[in-house]
Amino acid sequence: MNVNDSEHIGGLLQQEGLKPVSSWQESDLIIINTCAVRQKSEEKLFSLLGRLKPWKQKKKKTLGVIGCVAQLRREEIFAKAPHVDFIVGPDNYHRLLELIKFEAKQMATNWHSDWYEISALPLRASQSSAYVTIMEGCNNFCAYCVVPFTRGREKYRPFTYILDEVKKLADLGYQEIHFLGQNVNSYRDQASGKDLVDILEKANQISGLRWIRFITSHPRYFDQRLAKAMASLEKVCAQLHLPLQAGSNNILSLMNRGYTREEYLEKVAMIREYIPSISLSTDIIVGFPGEEEEDFQQTLEMLEKIKFDNIYSFRFSPRPRTAAAKLEDNVPPETKRQRLLEVQARQKEIQSAKHKTQVGQVMEVLCTGKSKKDERIFSGRNEAYQVINFAANEEVMGKFVLVKITDYGPYSLRGKMHSFVD
Ligand code: SF4
């Protein structure tokens with residue numbers, strides 16, 4: 001979501017005649033887009049602001065902080081870093097240009113009930129793959145999560161705006177779309193009642209597009225209609241991120257996730273019935289307040305039962321204003337650390353075993369980047385959203401290629417390029 005926001009803001013600035021520079025030292029304007037999901041990224045912001053102080057003291061430099069930490073820590077940022085010129089929360093990016101132009105310090109962190117579009121063409125990093133926001137905010141109030149306090153309540157982008165953007169992207173040659181939102185499967189167009197399935201069905205008909213993805217889905221709202229649509233719409237990838245967070249019912253209930261482990265397993269079984277080849281990834285939090293060894297073992301058990309294709313795992317850290325921040329953070333740091341290592345080690349084995357079975361397969365890969373260490377090595381993602389590295393030349397950037405898998409590691413696959421996809 002932040003990458004997408006930054007691309008839109010880059011577009012706004014470019015429309016105003018600003019140009020990107022290759023190093024921050026050369027710039028006249030720095031805007032730091034922040035994430036508040038974990039404490040660590042907040043700490044990083046304050047240390048970065050300290051490091052930027054000498055730069056800011058030079059003539060005519062402007063420094064802004066935007067995003068979720070800006071929303072959450074607005075007073076603290078101005079108090080700790082008085083060299084910051086403006087602070088803008090996620091619901092106010094449409095006002096950014098106006099705020100940058102002021103000489104005095106500016107802050108915009110109020111909420112708007114309407115949907116505001118940034119009309120400028122985003123400055124996208126990729127020429128082949130694009131994010132398209134469909135909603136923002138969240139009404140779920142999971143006990144650990146700060147998002148409802150930083151992005152506000154759910155707001156849905158009008159259906160016609162979404163489709164118009166997708167059509168424009170397809171006309172520009174984009175072949176992959178990621179529909180974005182904190183809670184995409186609760187999307188409802190306020191005028192027509194259309195939902196995520198309607199978006200997928202319409203996008204599937206747009207010529208030029210090849211792959212359609214969406215993130216993030218809440219397990220509670222993931223229903224048969226969506227699974228059926230994923231199975232029947234040929235451009236919608238067989239790939240899904242479905243955050244589990246914890247494997248014990250006790251912890252899931254404390255987290256206010258709105259499902260039990262049994263219900264989550266049923267959803268996975270239903271999804272796999274419709275889409276047997278589905279690639280599933282998830283989020284796991286270890287060390288949530290009250291997590292006993294037995295609860296943690298149940299999380300490991302879920303990894304074993306489901307065999308996710310990828311996981312994003314974190315240690316619990318209390319976030320301001322959340323319900324969990326009021327609970328006693330009673331899992332010792334060392335236990336959290338050990339549990340995280342254990343989760344990651346188990347998952348590493350699961351992924352290695354899965355990747356081993358893929359050696360010899362030929363797969364379509366959308367090439368999106370290249371190695372910083374070796375300019376002959378390019379990388380991309382397959383339909384399952386796995387990372388594939390292969391030797392090639394510049395011609396492959398942004399293209400679909402066929403790659404034969406020759407080797408694997410726990411986090412990526414390696415292969416030999418076969419040919420371009422027609
Ligand atoms: S559903 Fe996701 S974004 Fe919403 S509160 Fe829960 S974790 Fe946060």
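Starting from 1, residues in each chain are numbered consecutively following that chain's sequence as written. At least 70 in pLDDT is required for a residue's local features to be given in this predicted model, at least 80 for side-chain atom pairs to be given and counted, and no such filter applies to totals for whole chains, interfaces and linings, which use all residues. As a convention, hydrogens and water are excluded, and side-chain values are obtained from all of the structure's heavy atoms.

**Some thoughts on the site of the ligand**
Here is step 1 of the chain: Here a residue counts as near a molecule or strand whenever at least one of its heavy atoms sits within 4 Å of it. Taken together, C138, N140, F141, C142, Y144, C145, V147, P148, H218 and R257 make up all the residues around the ligand.
Here is step 2 of the chain: Residues belonging to the shell around the ligand are distributed by class as follows: seven nonpolar, two polar and one charged. Polar here means any residue other than Ala, Val, Leu, Ile, Met, Phe, Trp, Tyr, Cys and Pro, which are nonpolar, and Asp, Glu, Lys and Arg, which are charged; Gly is therefore polar.

**A word on the environment of D195**
Here is step 1 of the chain: Inspection of the secondary structure puts D195 in the loop between β8 (176-180) and α9 (196-204).
Here is step 2 of the chain: Taking the C-alpha atoms as reference points, D195 and Y156, 39 residues apart in sequence, are found 9.9 Å from one another.
Here is step 3 of the chain: Whether two residues are in contact is decided by their heavy atoms: any pair within 4.5 Å suffices. Leave out the neighbours within four places in its chain, and D195 touches Y187, R188 and R225.
Here is step 4 of the chain: Any pair of nitrogen or oxygen atoms within 3.5 Å is treated as a polar contact; in protein, a donor-acceptor pairing is required on top of that, and neighbouring residues in sequence qualify only through side-chain atoms on both sides. Within polar-contact distance, the side chain of D195 engages the backbone nitrogen of V197 at 3.2 Å. A run of DSSP states H or I qualifies as a helix once it reaches four residues; a run of E qualifies as a strand once it reaches two. Both are numbered from the N-terminal end.

**Section: the packing of α9 against helix α10 (residues 224-232)**
Here is step 1 of the chain: Think of each axis as a best-fit line through the C-alpha atoms, taken over the contacting stretch in the case of a helix, with angles from 0 to 180 degrees between the N-to-C directions. Between α9 and α10, whose axes approach to 10 Å, the crossing angle comes to 10 degrees. What the angle tells us is that α9 and α10 run roughly parallel. Contact with α9, carried on its side by L196, V197, D198 and L200, involves R225, L226 and A229 of α10 and no other residues of that element.
Here is step 2 of the chain: A class-by-class count of the residues in the contact of α9 with α10 yields five nonpolar, no polar and two charged. Under this scheme an angle from 65 to 115 degrees is roughly perpendicular, one under 35 degrees roughly parallel, and one over 145 degrees roughly antiparallel; angles in between are oblique.

**Details of the packing of aromatic side chains**
Here is step 1 of the chain: Two aromatic rings, drawn from Phe, Tyr or Trp (for Trp, its six-membered ring), form a pair once their centres lie within 6.5 Å of each other, and the interplanar angle then sorts them: stacked below 30 degrees, edge-to-face above 60, tilted otherwise. A complete count under the given rule lists six aromatic pairs for this structure.
Here is step 2 of the chain: Ring geometry for Y259 against Y264: centres 5.8 Å apart, planes inclined by 40 degrees, an arrangement best described as tilted. The same class applies to Y259 as to Y264, namely buried.
Here is step 3 of the chain: These aromatic residues form a ring-pair network of at least three members: Y259, Y264 and F308. Here's how the labels work: a residue is buried when its accessible area is under 20% of the maximum for its type, exposed when over 50%, partly exposed in between, all with a 1.4 Å probe on protein chains only.

**Some points on the side chain of T282**
Here is step 1 of the chain: Take T282: it is sitting in strand β11 (residues 279-286).
Here is step 2 of the chain: A polar contact of 2.7 Å, which involves the side chain of T282, links it to the backbone oxygen of L242.

**Details of the domain arrangement of the chain**
Here is step 1 of the chain: Each domain's limits were defined by an automated method or a database of domain assignments. Taken domain by domain, the chain holds domain 1 (2-108), domain 2 (129-356) and domain 3 (362-420).
Here is step 2 of the chain: Centre-to-centre separation of domain 1 and domain 3, based on C-alpha positions: 35 Å.

**Side note on a positive patch on the surface**
Here is step 1 of the chain: Each patch groups residues whose relative accessible area exceeds 30% and which form no salt bridge, using 9 Å between like charges and 5 Å between nonpolar side chains of Val, Leu, Ile, Met, Phe, Trp and Tyr. Under the convention used here, a 1.4 Å probe and the Shrake-Rupley method define accessible areas, while residue burial counts only the protein chains that appear. We define a salt bridge as a side-chain nitrogen of Lys or Arg found within 4 Å of a carboxyl oxygen belonging to Asp or Glu. Note that His is not counted, nor are the chain ends; the positive residues are Lys and Arg, and the negative ones are Asp and Glu. Note on charges: their place is set at NZ of Lys, CZ of Arg, CG of Asp or CD of Glu. Taken together, R38, K40, K44 and R315 make up a surface patch of like positive charges.
Here is step 2 of the chain: Along the chain, the position of K40 falls in helix α2 (residues 39-51).
Here is step 3 of the chain: On the basis of relative accessible area, K40 is assigned to the exposed category, the value being 56%.

**Looking at the sheet that holds strand β9 (residues 211-215)**
Here is step 1 of the chain: Spatial ordering of the open sheet is given by β5-β8-β9, a layout of three strands whose pairing is parallel. Looking at the sheet topology across the chains shown, the edges are occupied by β5 (129-133) and β9. Here the average twist between neighbouring strands, direction ignored, is 20 degrees.
Here is step 2 of the chain: The pairing of β8 with β9 spans five bridges and is parallel. Within the sheet, the bridge partner assigned to F179 lies in β9 and is F214.
Here is step 3 of the chain: Those strands touched by helix α8 (residues 159-171) are β5 and β8, and its axis lies near 170 degrees from that of β5. For two strands to count as paired, DSSP must find a minimum of two bridges between them.

**Concerning the pattern of salt bridges**
Here is step 1 of the chain: Within this structure, the stated rule accounts for 32 salt bridges.
Here is step 2 of the chain: The closest approach of N and O atoms between R95 and E98, which form a salt bridge, is 3.0 Å.
Here is step 3 of the chain: On the basis of relative accessibility, which here comes to 40%, the residue E98 falls in the partly exposed class.
Here is step 4 of the chain: Between E364 and R210 there is a salt bridge; the shortest N-O distance is 3.4 Å.

**Thoughts on the sheet that holds strand β16 (residues 400-408)**
Here is step 1 of the chain: Spatial strand order, β13-β14-β15-β17-β16: five strands in a closed barrel with mixed pairing. Looking at each pair of strands side by side, their axes are set apart by 55 degrees on average, direction ignored.
Here is step 2 of the chain: Summarising the sheet, strand β15 (residues 387-391) and strand β17 (residues 413-420) pair through four bridges and their orientation is parallel. Bridge pairing links A391 to K416 in β17.

**A look at the side chain of S281**
Here is step 1 of the chain: If you trace the backbone, S281 turns up in strand β11.
Here is step 2 of the chain: Since its relative accessible area comes to 9%, S281 is described here as buried.
Here is step 3 of the chain: In this structure the side chain of S281 is engaged in a polar contact, spanning 2.7 Å, whose partner is the side chain of H241.
Here is step 4 of the chain: In contact with S281, not counting residues within four places along its chain, are L240, H241, L242, F308, N310 and Y312.

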